[in-house]
Every structure is written in structure tokens, then in C-alpha cells.
Amino acid sequence: MKNDTKNISIHDLQSNEPSYLETIFSLANGHFGIRASDPIANSSTAGTLVNGFYETSDITYGEVAYGYAKKNQTIVKLPDLRNIKFVDDQQRAFDQSQLISESLDFETGLLNSTYKISNPDGKSFELNLQAVLQQSNDEVIGLRYTIKPVDYFGKVVGIKHFNTDSATQKSDDPRKSRTVDTLTYAKKTIDGQQELIEVTTKYSQMSLAMAMSVSTGLEQVFSLQPNQTVTFDVIGLVSKINGILDLDNLPKFEEILKDSTDFWQEFWQNSDIEISGDDSLNQAIHYNLFQLVSSTGRDGKTNIPAKGLSGTGYEGHYFWDTEMYMSPFFAYTNPEIAKNLIKYRYSVLDESKKRARTLGVKEGALFSWRTINGQEASAYYPAGTAQYHIDADIAYAIDRYYKVTDDKEFMKNYGLELVLETARFWKNFGSYSEIHCKKRFCFFDVTGPDEYTALVNNNYYTNRMAKFNLLFAVDLIDEFPKKAKELGVSAKERDQMANIAAAIFLPYDQIKGINQQDDSSFKKPVWPFETTPKENYPLLLHYHPLTIYRYQVNKQADTLLADFLFDDISHDQLVKEYDYYEKITTHDSSLSRSIFSALAARIGLKQKAYDYFMATAKTDLIDLQGNSADGLHVANLGGSWLTIVSGFGGLRVKDGLLTIDNHLPDQWDKLAIRIKYQGRLLEIVYRKDATEIHIIHGEPLPIKVDGIEETFK
Ligand code: BGC
């Protein structure tokens with residue numbers, strides 16, 4: 001039976017703006033993505049994006065200084081595979097189109113779009129375009145064009161070539177991408193049915209090939225007759241970076257559709273979430289999970305761009321978003337992908353060691369704040385490189401993966417080294433200082449997750465995470481002594497890490513009774529919220545950063561994120577802390593609300609938890625941030641899963657035990673989630689007055705449910 005909440009159509013959306021729809025209905029398979037363009041419109045935002053395929057350019061600074069990031073890395077927008085041209089019997093292009101319907105099926109991965117296409121006389125036909133990406137061989141896309149006359153009858157020429165001169169847009173919004181005009185295309189028409197182009201970037205020296213095959217011909221003539229339809233298929237190919245394409249063994253459209261359907265069926269089998277009592281929410285969650293998986297590089301060489309493969313926003317860069325917002329979902333549902341995301345970090349470890357040296361830190365690795373190739377691409381270090389916490393975020397993701405999978409092999413081969421090199425960074429980056437007559441280990445001039453506060457001393461989140469990173473390294477050194485020795489760890493270094501972790505300073509305000517965001521945060525005036533007009537949000541687009549930094553104002557969860565991750569402060573303190581930071585948070589980042597929702601659920605603020613969640617769940621579907629046209633907010637897609645599972649579902653691993661607390665919102669009758677845990681597949685069903693756990697396959701498991709430990713079979 002078809003599940004109504006596993007598809008979406010334009011009727012479910014509030015905006016029909018073309019570039020917004022291109023994002024919402026984009027398709028991807030981790031390797032490449034295709035925006036859902038109108039096929040005849042030559043939109044400047046349409047095109048194909050390949051994960052990890054970027055061009056570099058010099059970052060130009062007015063005033064340069066030692067160690068600044070040198071090169072931009074910009075994901076390249078490649079020709080649009082949907083694009084086609086139709087010409088009428090007088091050689092005139094059908095140049096008008098109107099979208100009639102569009103829907104995306106999350107159970108098959110099939111996108112179905114119908115347009116009314118007209119010639120200059122206003123005579124038209126209906127074009128239905130079906131698009132689906134292969135998932136097992138991720139270089140392939142199937143496109144099926146079906147044409148049905150409305151009031152145009154007679155000859156039509158369908159012309160399908162790569163359009164390599166699509167227009168580009170320039171903008172001052174830092175969240176958008178810069179334009180790339182340094183590509184070389186070598187076009188080859190193999191025969192009348194196949195065309196291939198090789199694309200080379202001038203500076204990053206990357207290349208790939210795109211091809212398409214049209215069995216009825218790249219330029220085909222057909223005649224439209226009443227009550228008749230014309231159908232033809234296009235099989236498109238997008239090679240791996242520096243790879244070649246196999247044009248001789250192309251699958252058929254039906255085979256691609258079957259491959260995609262099999263993939264999504266298995267996916268839902270292992271990862272489904274069902275909320276009873278709110279269909280539109282259920283649909284939003286299914287959409288989010290569908291797009292999250294589509295966005296994710298699965299090969300260990302690529303990662304998750306902040307906007308996925310749905311748009312060029314943030315230039316296709318990978319951020320801490322992966323570790324803190326997206327990888328939790330994979331760790332608990334598809335650990336293989338979570339593992340490959342960490343392997344990507346491992347692949348840029350050497351680059352990150354170099355970065356640490358550039359920053360004057362003599363040991364360890366510093367991962368770049370935003371990057372594709374491992375080198376720092378952030379030209380604004382106060383909200384870029386200074387977010388050193390990314391190192392500990394990576395360590396945290398490794399810990400999560402390890403807890404959920406118990407994969408010792410991976411820890412020996414990759415995990416330990418990454419945790420060690422990040423811990424070494426903290427050890428050498430920080431220094432002892434006297435605070436309240438005690439020697440404390442401090443980190444100076446850092447930026448926490450909240451980008452509205454920069455270059456401060458002892459950011460609580462950073463210090464708490466660094467403490468965790470060091471302690472985790474110590475635990476792993478004890479667990480894998482032989483491997484640790486091979487990596488150069490001595491007993492002295494191990495003890496030094498333990499001592500530093502114990503001495504790390506965590507700012508706390510005695511009078512307020514809460515953790516303090518950093519050494520100076522509470523001394524600053526609170527941002528004048530009452531006199532800030534609504535249209536001046538997000539603040540980053542209306543105020544100089546230095547204006548923002550002078551005030552207590554948060555872009556996103558910072559101290560509260562640490563509270564969420566560590567679950568280590570009393571309920572009373574958490575309530576106070578939540579209340580304080582909520583009042584100064586703008587949620588100008590889409591990474592904010594999910595954490596506020598999950599924490600609210602944990603402390604029993606039911607309505608708040610629900611309201612924040614509703615905005616989180618539908619961020620892109622209601623275009624909450626106003627910029628979904630640039631690409632999906634993928635961290636938020638993962639954040640919505642996190643809120644449900646860790647917030648409402650209270651799921652975490654605590655003291656070595658899978659732990660669950662039922663915080664079901666009043667608005668829902670039931671919540672069912674599926675997760676994997678140490679080789680088992682579990683279904684957890686939360687009801688208003690009970691929590692059921694089914695081990696679908698795997699060994700019995702002790703779980704703590706609402707404070708009581710029980711073994712489930
Ligand atoms: C947020 C960062 C995030 C980046 C990419 C920014 O607006 O403040 O935390 O990493 O977007 O999503």
C-alpha cells in the first residue's frame with residue numbers, strides 16, 4: 001500500500017518560486033545531485049553538482065597576514081541534464097513553460113514533473129518528465145520524457161545537447177556561492193545518440209566526464225497527433241572525479257527505477273520514523289530523511305556539503321555540521337555511512353596537521369572549519385579557523401560511532417589516531433593560567449558554535465568538548481596500548497592528557513548559577529532586542545560583526561549544545577540555563593532550533609519543545625530561513641531526526657547502556673522509530689503511557705527505559 005506521507009508535491013508547499021522548487025525537488029545519491037529545473041527555461045540556478053568537485057581561486061584580502069586561508073574552494077555547477085529544447089514546424093523554439101504538477105516519491109526516489117510547453121503562437125503540449133538516480137552505480141540518472149499534445153499538432157524537433165553556457169549569478173550574501181568561470185569543456189558527439197563532455201577545472205586541476213544517451217537520437221523529429229503520446233528515455237552519466245565512463249553497458253530507465261526503489265525500500269526498513277497524529281509532520285520528517293541520505297557522500301573520500309547536493313550555497317563545503325547534526329542519524333541507522341564520514345576526516349589528517357603547525361601549535365592536528373580538500377577555505381578566521389571546537393566535534397562523532405557499533409577494528413585503524421591527534425592539539429594549544437588561586441588549563445581567543453560571539457577566552461562549549469576529547473584519548477590509549485605506542489604515545493603523554501583534562505577551566509557564574517558562555521560574556525550588555533526591527537534578522541546581514549560581538553546575543557545554541565551532548569548538569573541548572581540563553585538567542589542559524597527543542601523536551605517544556613520542533617522539521621518546506629533556494633539546510637534535516645530520537649525519544653548511550661526516556665509530545669498519539677544498535681535492528685514505540693521495544697533481529701539487549709533497566713528480546 002502506498003504511504004501518503006512518503007511523497008511530496010507542490011501542493012504541500014507555500015512557494016512556487018522556480019529556484020526554490022529546484023532545491024526542494026532536487027535528487028542526489030551522495031555522488032552527484034541534480035536540481036529540479038524547468039527543462040526548457042535555462043535557469044541560472046539549474047544544474048548538476050558533484051560531491052567534492054570544486055575549483056579553487058585566490059582569496060583576495062585587502063590586508064593579508066601570516067597563515068590566512070589562501071584559496072577558495074567552490075563546488076562547480078555543471079550542465080543541467082534535464083535541459084532540452086523543442087522546436088516547432090517553423091523552426092521556432094517552444095520557449096514558454098508553465099509547471100503544472102510536481103511530486104517526489106520517497107519510496108522509489110522518482111521525481112515526476114509536468115509542464116505545459118508553448119510556442120510563440122501559444123500552441124502547446126504537455127511534457128511529463130520523470131527523473132530517478134541509480135543508487136548502486138551512483139554515476140547514472142534515468143530521465144523519461146513523455147509528450148502529449150494540448151492544441152499543438154504536427155512536427156516537433158527535440159534537441160538534447162549539453163548546454164555549457166548557463167548563466168551565473170553574483171551576490172553579496174556570504175552564504176551563497178561565488179561564480180566559477182574557469183572551466184574547460186571538451187564536447188564529443190559519439191554518434192547521433194550519445195554525447196560526452198569532459199569538464200576540467202583550470203586551477204584545482206580536476207576533471208570528470210558527463211554523458212547522455214538518447215536511444216531515439218540527440219536530435220529527433222516526431223509528430224504530435226491527437227490522443228497520441230511520444231515517449232523517449234535519456235540515460236545520463238556523471239563520472240567520478242578523474243574517472244572514466246562506461247557508455248557501453250547503460251541500464252534501462254526501468255532498471256534504474258528498480259535499483260532506486262530497492263535502495264529506498266531497504267532504507268525505510270532500517271530507518272523509518274512514524275508519527276501518529278500529524279500527517280504533515282510525518283511527511284516533513286520523511287522528506288528530511290530522504291534528502292539527508294541523498295546529500296551524503298558514502299565513499300570515505302567525500303562528506304556532506306552544508307547544502308547537500310541540492311544547491312551551491314556555502315560552496316559545497318563540509319563543516320562541523322556533519323559530526324554534530326548529520327552523523328548521529330547515520331551512526332544509529334546506517335553505521336557504514338557514519339564510518340565513511342569519519343574516514344573522510346582521516347583522509348585529510350595530514351593536511352590538518354599542517355594547519356596546526358601554521359597556527360603555531362607544535363603537535364596534533366587542526367581540522368579546517370570549512371573545506372572540501374582538507375585545507376582551510378574560510379576567509380574570515382574569527383568565525384572560521386577560530387572555531388577550534390571542530391576537532392573535538394570529530395572526536396565526539398567517533399565516540400558515538402564506537403558506542404553504537406563497538407567497532408574495535410575501526411578504532412584501531414582510524415579512530416584512535418584521529419582522537420589522539422586532536423587531543424594532542426588541545427594539549428599544545430591551551431595553557432595553564434591562575435584562576436581563583438588555582439592553576440587551570442585555558443583556551444584563549446577561540447570562537448564557539450555561536451558565531452555572534454568571536455575570539456573569546458574559555459568558551460564553555462569548546463573547553464567542555466576539549467576536556468571530553470582528552471579524556472576519550474586517555475580511555476583509548478588504555479584500551480589499545482599497543483597501537484597507542486605505535487603512534488608514539490608514552491606513559492608521560494597519557495598522564496599529561498589526563499591531568500590537563502582534569503584542570504580544564506569551565507566558566508560558571510555563581511550568582512546566576514549557570515555555566516557562562518565564556519569569560520567575558522555576562523559582562524556585555526544584552527542586544528537591544530526590543531528596538532530591533534523584525535526585518536533586521538538575520539543580524540549578520542544587517543550589522544557589522546563587531547557591532548554584534550559587543551553584545552550578548554547568540555546566533556545558535558552554544559553552552560546549551562554542551563548541555564545537550566553531555567547531560568551532566570542538574571535539572572535545576574539546566575532549566576535556568578535554558579531560560580537565560582533562550583532569551584538571547586536569535587536562531588539566525590538553522591542549526592539552533594533542533595537543540596532548543598531537544599533540550600526543552602528533556603526538561604519538560606512540552607509546548608516549547610513542540611514549537612521549536614515544528615519549525616525545525618519544516619525549515620525548508622516552509623522556507624523558514626528565506627534561502628532554501630540556495631540549497632537545503634542539511635544540518636537541520638539531521639537535527640530534526642536528533643530532536644525526535646534524542647529529544648522526544650530521550651535516546652542516548654549512557655554509562656555503557658542504551659538509555660531511553662519517553663517525552664512524547666501531547667500532540668502525538670504514537671511515535672515509532674527504527675535504529676540499529678551493536679548489530680541489532682530495534683523498533684521503539686513510544687505511546688502516551690508506555691514505551692515498547694522490539695528487537696527485530698539480533699541478540700537480547702539490556703536497555704534503560706524511563707530509569708528502569710530491563711533486558712529486551
Ligand atoms: C552556522 C555554522 C554552520 C554553517 C554551515 C552557519 O550559519 O553558524 O554553525 O556550520 O552555517 O551550516
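The following refers to the structure shown. (Residues numbered from 1 in each chain as written. Predicted model: local features only at pLDDT ≥ 70, side-chain atom pairs only at ≥ 80, totals over all residues. Heavy atoms only, no water.)

### Here's the deal with the overall build of the protein chain
The helix and strand tally for the protein chain stands at 17 helices and 28 strands. Relative to a compact globule of 713 residues, whose C-alpha radius of gyration would be 27 Å, the protein chain shows 26 Å and is just as compact. The principal-axis extent of the C-alpha atoms belonging to the protein chain is close to 90 × 60 × 60 Å. Long-range contacts, defined here as pairs at least 24 residues apart, represent 66% of the contacts in the protein chain between residues at least 6 apart. Of the accessible surface of the protein chain, which amounts to about 27500 Å², a share of 48% is contributed by carbon and sulfur atoms. Each charge sign in the protein chain was given a centre, from 76 positive and 96 negative side chains, and these centres are 4 Å apart. (Helix = DSSP H or I, 4+ residues; strand = E, 2+ residues; numbered from the N terminus. Rg over C-alpha atoms; globule rule 2.2 N^0.38 Å. Contact = heavy atoms within 4.5 Å. Areas by Shrake-Rupley, 256 points an atom, 1.4 Å probe, with all protein chains shown as cover. Lys, Arg positive; Asp, Glu negative; His and termini not counted. Charge placed at Lys NZ, Arg CZ, Asp CG, Glu CD.)

### Some details on the layout of surface pockets
Within this model, the second largest pocket holds a volume of roughly 730 Å³. If you go around the second largest pocket, you meet 28 residues; those closest to its centre are Y396, D399, K403, L565 and V653. Only helix 4 (321-333), helix 7 (390-405), helix 9 (460-479), helix 13 (559-566), helix 17 (634-648) and strand 22 (652-654) provide two or more residues apiece to the lining of the second largest pocket. In terms of residues, the lining of the second largest pocket owes the most to one element, helix 9, which gives 7 residues. Here the lining of the second largest pocket is composed, by residue class, of 14 nonpolar, 2 polar and 12 charged. (1 Å grid on protein atoms, 1.4 Å probe; cavity = no way out; pocket = protein on both sides within 12 Å on 5 of 7 lines; lining within 4 Å. Points joined across faces, edges and corners; volume = space filled by probe spheres on them. Nonpolar A, V, L, I, M, F, W, Y, C, P; charged D, E, K, R; others polar.)

### Some remarks on helix 3 (residues 279-295)
With 17 residues, helix 3 should cover 24 Å at 1.5 Å per step; its first-to-last C-alpha distance of 24 Å lies within 8% of that length. Within helix 3, 15 of the 17 residues are buried, which leaves the element mostly enclosed by the surrounding structure. Measuring from the backbone nitrogen of S280 back to the side-chain oxygen at the start of helix 3 gives 3.3 Å, which picks out D278 as the cap. (Expected span 1.5 Å × (residues − 1). Buried < 20%, exposed > 50% of the residue type's maximum accessible area, 1.4 Å probe, protein only. Polar contact = N/O pair within 3.5 Å; in protein donor to acceptor, adjacent residues only side chain to side chain.)

### Let's talk about the state of the cysteines
In this structure the tally under the stated criterion is 0 disulfides. C437 takes part in no disulfide bond, and the closest cysteine sulfur, belonging to C442, lies 14 Å away. (Disulfide = S-S within 2.5 Å.)

### Regarding unusual backbone geometry
Here the residue pair Y537 and P538 is connected by a cis peptide bond, since its omega of -5 degrees sits within 30 degrees of zero. For P538, the location among the structural elements is in the loop between strand 21 (514-515) and helix 12 (545-549). Although it is not a glycine, Y314 adopts a positive phi angle of roughly 55 degrees. Assignment of secondary structure puts Y314 in the loop between helix 3 and helix 4. Of the residues examined, Y314 reaches a relative accessible area of 22% and is grouped as partly exposed. If you check the backbone angles, E315 has positive phi at about 55 degrees while not being a glycine. Take E315: its relative accessible area is 4%, and that puts it in the buried class.

### A few points about the site of the ligand
In the vicinity of the ligand, the contacting residues are A306, Y314, F319, W320, D321, W369, E451, K555, Q556, S589 and L591. Contacts to the ligand include K555, whose side-chain N or O atom sits 2.9 Å from an oxygen atom. Residue Q556 places a side-chain N or O atom 2.6 Å away from an oxygen atom belonging to the ligand. Here the ligand loses 93% of its free accessible area of 310 Å² to cover by the protein chains. Of the residues contributing to the shell around the ligand, the split by class is 6 nonpolar, 2 polar and 3 charged. (Near = heavy atom within 4 Å.)

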